[in-house]
Structure formats: structure tokens, C-alpha cells
Amino acid sequence: MIQYNNIFNNDNFKCIAQGGPYYIYEHQEDLSVSPGTASMAYFMKEMNVKRRQVLIQLNNNAVRIQAGAMQWMAGNVNMDSGVTGVGNFLGKMMKGAATGESAAKPIYTGQGLLMLEPTFNFLLIEDLANWGNGIVLDDGLFLACDNNLQESIVKRNSLTAAAFGGEGLFNLSLSGQGLCVLESPVPRTELFEFNLENDTLKIDGNMAIAWSSSLTFTVEKATKSLLGSAVAKEGFVNVFRGTGKVLMAPTLPGTGMSNWNGPEQTTATK
């Protein structure tokens, strides 16, 4: 038997979301500060820059997590590397190199609690039942999922899609019935959600963080001609076609007040 003190009865450590066995906890303030870091901690709090962690409650179920993400586990919890042999490991290494994910994702089973390492990213719990045949993830978004979900690697339709779309050539796709936890660069409240039914969505830049695997992804000129695209200063756009869902971050992290993607500025003359 384990008693948990100053963890779940801690006012500074609050559960802000829950889905299935996954609980998202948020550190309300960074209290471990020194005089030299106090001002930074103050502004981080004001701008909602907080540490967040995922707690997973295991009750004879199994979950798969990003390698190195475990912070602590308590109870009758067992870990398996998820690697069955040399050939399997080499295959996972190749997939990991292609998608930016860890080569192997350890599997945790049993009864007890599993806490993941803190992150400053925002955490999303996604039910694959809302994504049709599956979900395709932008690089680095995967954090954890039910072990019964299947992983596959989705290849871009062409090298042009990777070169001009600002994306990699491969992406991780999850399918099946269950939940997954993603690390998002922006909070859920800022994400744009598009539900397509035999329609088309075009996005300027790699701002889509996840989309249904049923959608066809291509990269195309913003207009029919290269000259027209050059004049419009749009170039190539990411195009999603079909029936499914797209989650899009409205801004890229770190852009600040830059008007790089804004309208062309003109200079008034006297």
C-alpha cells in the first residue's frame, strides 16, 4: 500500500483535464525560484507558461509512451521495451528517424500509477473515434496512447510535398479504438478545427498539427501559374482533400509581433 502526500492534495498541482486513464495536471506556479529567476517566473505565470504532466492510472490495462517520458511509477506496474528482437529494433529505429519520434515506445501494464515528465507544451487527449479511420500527427506530437492502437508510417505523396510544404517526408499515424495524448505548441482553445465532407482545405505553411488519415495531403501552387503565385506572394500551399478533420495552430510558435505573413506594407509619398 502506498500513501500519496502533497501530490493530489496539493493546491499548486491541479488536474485540468481527464479522458480514460489519462489525467492532465498543471503546476499553477513555479515555486522553486531564486532571486535571479524570480522575474522570469513572474512573467511566465502571467503569460500562462506552466509545466504540465500526464498521470496515467493503470487498472490491468496497457499504455505506450514516448521513450524517456516516465518520471515515476507506483504500484504493481511493469515496463516492457516494446522491442522483440534485433530486426524489430532496427525497423523501429528507421521509423523513429523518419518521423522524429523515439525508436521504441515502452509499454506499461499492471495496476498502479504512471506519471510522465513535465513539459511546457500543451497536452491534448484525443479519442480516435472522432478521427474516422485514424489520425496523422505532425512530428514530435506523440506522447502516449492506449497500447491496442496501431502505429503506421504515412509517406507524403511526393518529394514536392515535403520540400515545399514545410513538412517531413513521413508522419506517424495512429488507428484503432482508443485514446492518445499529444503535445501541442498551442492550447486547445486556440486550435482551429476544420471538419471536411468531400471538400478542400488549403493552408499556407505547416500549421496543421494533426489530420484524419482519410484525407489526401498534397502541396500545390496557390494559383494555376508560378507567375500568379509569385505576384500574390503565396507560393505553395498545403492542401487537404476528402472527408475528415484537421487541427490547425493559428500562429507559429515564436513569431511574436512579426508581420512576416501579413499584408505588404506600402510607403506613403508626399
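This report concerns the structure included in the present document. Owing to the predicted nature of the structure, the values given are computational and were not obtained by experimental measurement.

1. Quick word on the packing of aromatic side chains
Taken as a whole, this structure holds 8 aromatic pairs when the rule is applied. Taking the centre distance of 5.6 Å and the plane angle of 70° together, the rings of Tyr4 and Phe8 count as edge-to-face. Look at Tyr4 and Trp72: their rings are 6.3 Å apart centre to centre, the planes differ by 35°, and that puts the pair in the tilted class. One end of the pair, Tyr4, is in the segment before β1 (13-19); the other, Trp72, is in strand β4 (residues 70-80), with 68 residues separating them in the sequence. Trp72 sits in the partly exposed class, given a relative accessible area of 24%. An aromatic cluster is built from Tyr4, Phe8, Phe13, Tyr25 and Trp72, whose rings are joined through pairwise contacts. The side chain of Lys105 reaches across the aromatic face of Phe142, ending 5.3 Å from its centre. Geometry around Trp131 places Lys245 over its ring, the cationic atom sitting 4.5 Å from the centre.

2. Notes on a nonpolar patch on the surface
A surface patch of nonpolar side chains, about 290 Å² in accessible area, is lined by Met47, Val49 and Phe120. By the element assignment, Met47 lies in the loop between α1 (38-46) and β3 (52-65). Overall, Met47 belongs to the exposed group, its relative accessible area being 63%.

3. Quick notes on the state of the cysteines
In the structure shown here, the tally under the stated rule is 0 disulfides. There is no disulfide at Cys145, and the cysteine sulfur nearest it, in Cys180, is 6.9 Å away.

4. Brief notes about the environment of Phe122
Mapped onto the elements, Phe122 comes out in strand β6 (residues 122-127). Considering only alpha carbons, one finds Phe122 and Ile24, 98 residues apart in sequence, at a separation of 9.6 Å. In this structure, Phe122 is in contact with Asn48, Arg52, Leu182, Glu183, Ser184, Pro185, Val186 and Pro187, ignoring residues within four places of it in sequence.

5. Quick word on the environment of Leu196
As for its placement among the helices and strands, Leu196 is situated in strand β12 (residues 192-203). Along the primary structure Leu196 and Lys245 are separated by 49 residues, whereas in three dimensions their C-alpha atoms are 6.0 Å apart.

6. Things to note about the pattern of salt bridges
Applying the stated rule across the entire model yields 8 salt bridges. Of the charged contacts in the structure, one is a salt bridge between Arg64 and Glu151, with a shortest N-O distance of 2.8 Å. One end of the pair, Arg64, is in strand β3; the other, Glu151, is in strand β9 (residues 150-155), and 87 residues separate them in sequence. Since its relative accessible area comes to 31%, Glu151 is described here as partly exposed.

7. Concerning the side chain of Glu183
The residue Glu183 is located in strand β11 (residues 179-184) in this model. Polar side-chain contacts of Glu183 include one of 2.9 Å to the side chain of Thr119. For Glu183, the side chain forms a polar contact with the side chain of Asn121, separated by 3.2 Å. If near-sequence neighbours (up to four positions away) are discounted, Glu183 is found in contact with Thr119, Asn121, Phe122, Leu123, Gly140, Leu141 and Leu143.

8. Quick word on the pairing of strand β8 (residues 142-146)
For β8, a buried count of 5 out of 5 residues is recorded, marking the element as mostly surrounded by other parts of the structure. Pairing analysis gives 3 bridges linking β3 to β8, with the strands arranged antiparallel. Note that in β8 the partner of Ile65 across the bridge is Ala144. Examined bridge by bridge, β8 and β11 share 3 bridges and lie antiparallel to one another. Residue pairing across strands places Phe142 opposite Leu182, the latter belonging to β11.

Thresholds applied
Residues numbered from 1 in each chain as written. Predicted model: local features only at pLDDT ≥ 70, side-chain atom pairs only at ≥ 80, totals over all residues. Heavy atoms only, no water. Phe/Tyr/Trp six-rings, centres within 6.5 Å; stacked < 30°, edge-to-face > 60°. Helix = DSSP H or I, 4+ residues; strand = E, 2+ residues; numbered from the N terminus. Buried < 20%, exposed > 50% of the residue type's maximum accessible area, 1.4 Å probe, protein only. Lys NZ or Arg CZ within 6 Å of the ring centre and 35° of its normal. Patch = residues over 30% accessible without salt bridge, like charges linked within 9 Å, V, L, I, M, F, W, Y side chains within 5 Å. Areas by Shrake-Rupley, 256 points an atom, 1.4 Å probe, with all protein chains shown as cover. Salt bridge = Lys/Arg side-chain N within 4 Å of Asp/Glu carboxyl O. Disulfide = S-S within 2.5 Å. Contact = heavy atoms within 4.5 Å. Polar contact = N/O pair within 3.5 Å; in protein donor to acceptor, adjacent residues only side chain to side chain. Pairing = 2+ DSSP bridges.

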